[in-house]
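Read off the chains here:
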Amino acid sequence: MSAILPPTERLWWKHPLDRVEGTWIAIAFVWCMIMFFMMIYWHAYGKQNLSTETYKTTPEMFAGKAQAVVDKYTVRTETDLETPVVAPPPGSDVYMIARLWNFWPILELQQGQTYRLHLSSMDYNHGFSLQPANINIQIVPGYEHVVTVTPNQSGTYSVVCNEFCGIGHHTMVGRIYVKAETGNVK
Amino acid sequence: MSNKTTYRTCPRSGLQFEAQAEKLVLANAVAGVIFLLIGGILAIGVVLTRWPTIHWLEASTFYQVLTAHGLDMLVFWIIFFEIAVLYFCSSTLLRCRIATPKVAWLGFALMVIGSVMNNIAVYQGGSSVMMTSYVPMMAAPSFYLGLILFAVGALIGCFVFFGTLVVAKREKTYQGSVPLVTFGAITAAIIAVFTIASGAIILIPTWMLSLGWIEHVDPLIYRVIWWAFGHSSQQINVAAHISIWYFVAAVVFGAKPMSERVSRGAFLLYIVFLQLASAHHILSDPGMSTEWKVLNTSYFMYFAVLASMIHGLTIPGAMEVAQRAKGYNKGLFEWLRKAPWGNPSFSGVFISIIGFGFLGGISGVMMGTEQLNMIIHNTIYVPGHFHATVVVGTTLSFMALTYFLIPVLFKREIINPALAKWQPYLFGFSMYFFCLVMMGAGTLGVARRHWDMAFSGAALAYEWPGAAYLMMGLVGIAGICAITGGALYIYLTVGSLLWGKRVVQTKISSEPTPIPVGAPSAAAQSYGSLGFAAPGTFVLAMVFLASFVLYYFINWKYLSTLWGLS
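This structure is a prediction, so every number in the text was calculated from the model and none was measured.

**Notes on the overall build of chain B**
Step number 1: Across its full length, chain B holds 15 helices and four strands.
Step number 2: Computed over its C-alpha atoms, the radius of gyration of chain B comes to 23 Å, within 12% of the 24 Å expected for a compact globule of 566 residues.
Step number 3: Viewed in the frame of its principal axes, chain B has a C-alpha envelope of about 75 × 60 × 45 Å.
Step number 4: When contacts within chain B are restricted to residue pairs at least 6 apart in sequence, those whose partners lie at least 24 apart make up 82%.
Step number 5: For chain B, the computed accessible surface area is about 19,300 Å², with 71% contributed by carbon and sulfur atoms.
Step number 6: The positive charge centre, built from 30 side chains, and the negative charge centre, built from 18, are 15 Å apart in chain B.

See the structure below:
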């Protein structure tokens with residue numbers, strides 16, 4: 001008789017559905033399928049899909065590769081820490097190290113150009129949270145994640161760490177400059 | 001077979017309590033409420049620190065308090081109460097003795113020792129690793145050991161529950177199939193066993209790592225398996241609180257499930273698919289393949305979402321059918337207008353159903369979409385979502401159930417019924433608002449688990465837009481209102497337990513009275529309109545679907561404006 005008593009009909013699974021339930025199940029099922037295929041559709045036609053290109057790495061190995069790019073393409077340094085600003089050519093591999101408690105180096109990219117951005121951590125988990133665009137990617141130590149990025153707007157972007165990484169977590173902010181497409185002409 | 005126990009029939013509800021089971025339900029529920037109290041006090045620190053103009057605690061204290069708040073609320077309060085629900089749904093609803101009460105007490109003791117040990121580890125400092133304790137960030141060994149002991153205790157509780165089902169079957173205290181609510185509890189217990197096993201697989205090596213017995217736990221594998229524990233434990237909550245929704249519909253309205261087949265089928269979908277949800281936390285991670293992410297995050301083509309959408313219709317639907325049968329048959333919504341809004345068990349459950357669906361459900365599916373996850377991963381949107389599922393969904397349902405249990409199980413009158421009437425509204429609606437503004441701040445990118453949105457001391461600070469500061473201020477205000485609502489619940493529950501007028505008891509016997517076999521009811525429905533038994537609920541469901549579709553595609557639109565990523 002009720003949900004807290006055993007069903008009165010012994011063969012409850014033969015009890016017919018009410019129309020309201022049947023209709024709703026059909027509608028809900030269709031919606032579920034739309035949502036499922038939407039993810040696949042976006043992989044085929046959308047422009048924002050997170051790369052899964054990943055390599056096992058170590059802090060030393062990753063820092064070495066990042067240092068090589070920094071040595072080659074540094075254009076200036078900023079802040080009291082003399083953080084290098086790296087402006088690699090379009091299409092190239094760029095590196096960003098996450099560590100307690102900064103992102104290193106600062107990058108300078110060009111709008112509309114594509115880069116292979118390598119992310120890894122030297123210590124704990126960190127979060128790559130690009131603001132104000134609001135793109136968020138997890139950074140896991142021991143894994144080198146290669147994300148292909150194409151900045152679509154110029155400006156100064158911040159990279160906020162949004163994975164808790166200890167007492168200095170709130171000071172961990174990095175920067176990416178995106179120069180306008182016309183910037184080179186001037 | 002021990003027959004020394006006694007059975008008490010509650011004069012008010014007709015429910016029959018076995019003496020041992022009654023004590024166990026009581027002990028587990030009280031332990032849960034104590035952790036809710038501790039977690040609630042800690043919430044004050046969290047909320048007042050994230051409220052930018054107040055920014056109360058020091059960074060180290062804040063992270064410590066946040067770690068303890070997460071564990072006490074998400075793990076200890078909820079699982080203690082769930083063990084109480086499991087014993088209630090087996091021994092009480094099936095009217096049988098509880099299997100192996102001594103073992104059940106052992107489980108309870110382990111849970112108490114584990115939860116206290118874990119709390120002490122956090123308060124000592126040095127274990128402010130958040131609830132997730134991602135390696136290689138390490139906590140004290142007693143942090144992990146506490147969790148492991150608690151989990152073993154909870155696992156014992158699950159097996160006592162399964163044992164009790166066997167007792168009921170063997171001693172023939174009921175005939176046919178178990179009640180739907182018990183079936184839901186079985187779902188919760190099966191998911192719990194899977195969950196606890198995952199927790200053991202990853203927490204035992206991590207504990208050994210903290211002792212220096214092993215060298216390395218892979219950070220990514222930790223995340224994948226930890227979330228098979230962390231997310232699935234929230235699925236136990238879903239199964240448990242949906243069972244409570246059916247329970248309250250049955251006791252308040254005498255509502256009968258619209259169709260046993262549909263409701264049980266939906267629970268079955270949970271058992272089969274809900275465990276895949278670990279992927280929700282790995283969508284923006286390196287390492288896992290796209291195929292793995294898409295299949296897992298959608299619970300294999302959204303079958304568990306389908307199940308939740310079914311429950312979301314059938315529970316209010318059952319209430320509507322019951323109300324219409326009583327004559328509240330005018331128009332689409334007379335059944336709802338004439339519902340007992342002054343009964344906190346009903347209002348709590350109804351606020352919970354609506355909030356869980358509209359706030360928790362829609363946001364959960366959005367953020368669980370592979371690509372969309374990138375716009376909210378680790379932002380304060382995430383706690384906004386899970387406060388809608390776990391607090392509005394689970395905690396508020398448990399509160400609603402408590403108001404039913406105080407006279408029935410605790411044998412006390414509620415000390416201040418007028419306050420009890422208002423408590424679900426205060427708590428529920430301030431949580432609604434709390435979740436909404438958190439999601440708003442998260443949409444603007446504000447990070448979760450973050451002490452200072454002004455980034456004081458950072459070499460390259462970022463300036464959040466003014467709207468983000470406004471939202472976080474509103475989070476503070478709404479949070480304080482919700483904490484007040486939570487404090488009222490504690491006052492009403494503990495106060496009734498200590499000072500409430502005793503409810504006069506009559507029947508105690510040494511033998512269980514089996515559940516009488518009910519006569520099959522007439523199948524045909526003669527209420528409703530257009531051949532729909534519950535047209536009002538159907539309209540509500542369509543409103544839900546429209547909001548769902550709209551919000552889902554708005555977020556795709558937002559995603560499409562971002563940097564190209566491939």
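Next comes the rest of the description.
**Quick word on unusual backbone geometry**
Step number 1: Omega for the bond connecting A:L100 with A:W101 falls within 30 degrees of zero, at -15°, which places this linkage in the cis form.
Step number 2: Note that A:W101 resides in the loop between β4 (93–99) and β5 (102–104).
Step number 3: Residues B:V135 and B:P136 are joined by a peptide bond in cis, for which omega reads 5°.
Step number 4: The phi dihedral of A:E82 falls on the positive side, at around 50°, and the residue is not glycine.
Step number 5: Residue placement: A:E82 occurs in the loop between β2 (74–78) and β3 (83–86).
Step number 6: One non-glycine residue, B:T100, lies in the positive phi region at around 35°.
Step number 7: Among the secondary structure elements, B:T100 is positioned in the loop between α2 (59–92) and α3 (101–123).
Step number 8: Residue classification places B:T100 among the partly exposed positions, given a relative accessible area of 43%.

**Topic: the side chain of B:S278**
All names here are of chain B.
Step number 1: Here S278 shows up in the loop between α7 (260–273) and α8 (290–297).
Step number 2: For S278, a relative accessible area of 5% translates into the label buried.
Step number 3: If we ignore the near neighbours within four places in the chain, the residues touching S278 are V224, W227, A228 and H231.

**What to know about α2(B)**
Residues separated by three or four positions in an α-helix point in the same direction, a consequence of the helix having 3.6 residues per turn.
Step number 1: Taking 1.5 Å per residue, 34 residues should reach 50 Å; α2(B) reaches 47 Å between its end C-alpha atoms and fits that length.
Step number 2: The element α2(B) is extensively covered by neighbouring structure, given that 32 of its 34 residues are classed as buried.

**Describing the sheet that holds strand β8 (residues 126–131) of chain A**
Residues and elements named next belong to chain A.
Step number 1: Read across the sheet, seven strands follow the order β2-β3-β6-β12-β11-β8-β9 without closing on themselves; strand pairing throughout is mixed. With partners counted over all chains shown, the strands left at the sheet margins are β2 and β9 (135–139), one partner each. The mean inter-strand angle of the sheet, taken between neighbouring strand axes irrespective of direction, is 25°.
Step number 2: Note that strand β11 (residues 155–160) and strand β12 (residues 173–179) share six bridges and pair antiparallel. Bridged to S158 within β12 is R175.

**Some points on the packing of aromatic side chains**
Residue and element names in this part refer to chain B.
Step number 1: Under the definition given, this model contains 53 aromatic pairs over all chains.
Step number 2: Taking 5.5 Å as the distance between ring centres and 75° as the angle between the ring planes, the aromatic pair formed by F80 and F150 counts as edge-to-face. Highlighted residues: F80 in helix α2 and F150 in helix α4 (residues 141–170), separated in sequence by 70 residues. For the pair shown, F80 and F150 are each scored as buried.

**Side note on the interface of chain B and chain A**
Step number 1: Contacts between chain B and chain A engage 118 residues on the former and 89 residues on the latter.
Step number 2: Taken together, the two surfaces of chain B and chain A that pack against each other cover about 9,100 Å², and 68% of this comes from carbon and sulfur.
Step number 3: For the chain B face of the interface with chain A, the top three residues by lost area are B:L460, B:W563 and B:L565, together amounting to 11%.
Step number 4: In this structure, the connection of chain B to chain A is made through three salt bridges.
Step number 5: Across the contact surface, chain B and chain A share 39 residue pairs in polar contact (both at pLDDT 80 or more).
Step number 6: With 13 residues, the single largest contributor to the side of chain B that touches chain A is helix α15 (residues 535–560) of chain B.
Step number 7: Among the residues making up the side of chain B that touches chain A, the classes are represented as 74 nonpolar, 32 polar and 12 charged.

**A short note on the pattern of salt bridges**
Step number 1: This model, assessed by the stated rule, comprises 17 salt bridges over all chains.
Step number 2: Note that A:D93 and A:R116 form a salt bridge whose closest N and O atoms lie 3.0 Å from each other. Here A:D93, found in strand β4, pairs with A:R116, found in strand β7 (residues 115–121); they are 23 residues apart in sequence, far enough to count as distant.
Step number 3: When its relative accessible area of 26% is taken as the criterion, A:R116 is described as partly exposed.
Step number 4: B:K411 is the salt-bridge partner of B:E22, the closest N and O atoms lying 3.6 Å from each other. On the criterion of sequence distance, the pair formed by B:E22 in helix α1 (residues 19–50) and B:K411 in the loop between α12 (381–408) and α13 (417–443) is long-range, its members being 389 residues apart.
Step number 5: The class for B:E22 is buried, based on a relative accessible area of 11%.

**Overview of the side chain of A:H169**
Step number 1: Here A:H169 shows up in the loop between β11 and β12.
Step number 2: Among the polar contacts made by the side chain of A:H169, one reaches the main-chain carbonyl oxygen of A:E163 at a distance of 3.4 Å.
Step number 3: Excluding its chain neighbours within four sequence positions, the residues that come into contact with A:H169 are A:W101, A:C161, A:N162, A:E163, A:F164, B:Y63, B:R448, B:R449 and B:H450.

What counts and how
Residues numbered from 1 in each chain as written. Chains lettered and ligands numbered in written order. Predicted model: local features only at pLDDT ≥ 70, side-chain atom pairs only at ≥ 80, totals over all residues. Heavy atoms only, no water. Helix = DSSP H or I, 4+ residues; strand = E, 2+ residues; numbered from the N terminus. Rg over C-alpha atoms; globule rule 2.2 N^0.38 Å. Contact = heavy atoms within 4.5 Å. Areas by Shrake-Rupley, 256 points an atom, 1.4 Å probe, with all protein chains shown as cover. Lys, Arg positive; Asp, Glu negative; His and termini not counted. Charge placed at Lys NZ, Arg CZ, Asp CG, Glu CD. Buried < 20%, exposed > 50% of the residue type's maximum accessible area, 1.4 Å probe, protein only. Expected span 1.5 Å × (residues − 1). Pairing = 2+ DSSP bridges. Axes fitted to C-alpha atoms, helices over the stretch in contact; angles between N-to-C directions. Phe/Tyr/Trp six-rings, centres within 6.5 Å; stacked < 30°, edge-to-face > 60°. Buried area = accessible area lost by both parts, 1.4 Å probe. Salt bridge = Lys/Arg side-chain N within 4 Å of Asp/Glu carboxyl O. Polar contact = N/O pair within 3.5 Å; in protein donor to acceptor, adjacent residues only side chain to side chain. Nonpolar A, V, L, I, M, F, W, Y, C, P; charged D, E, K, R; others polar.

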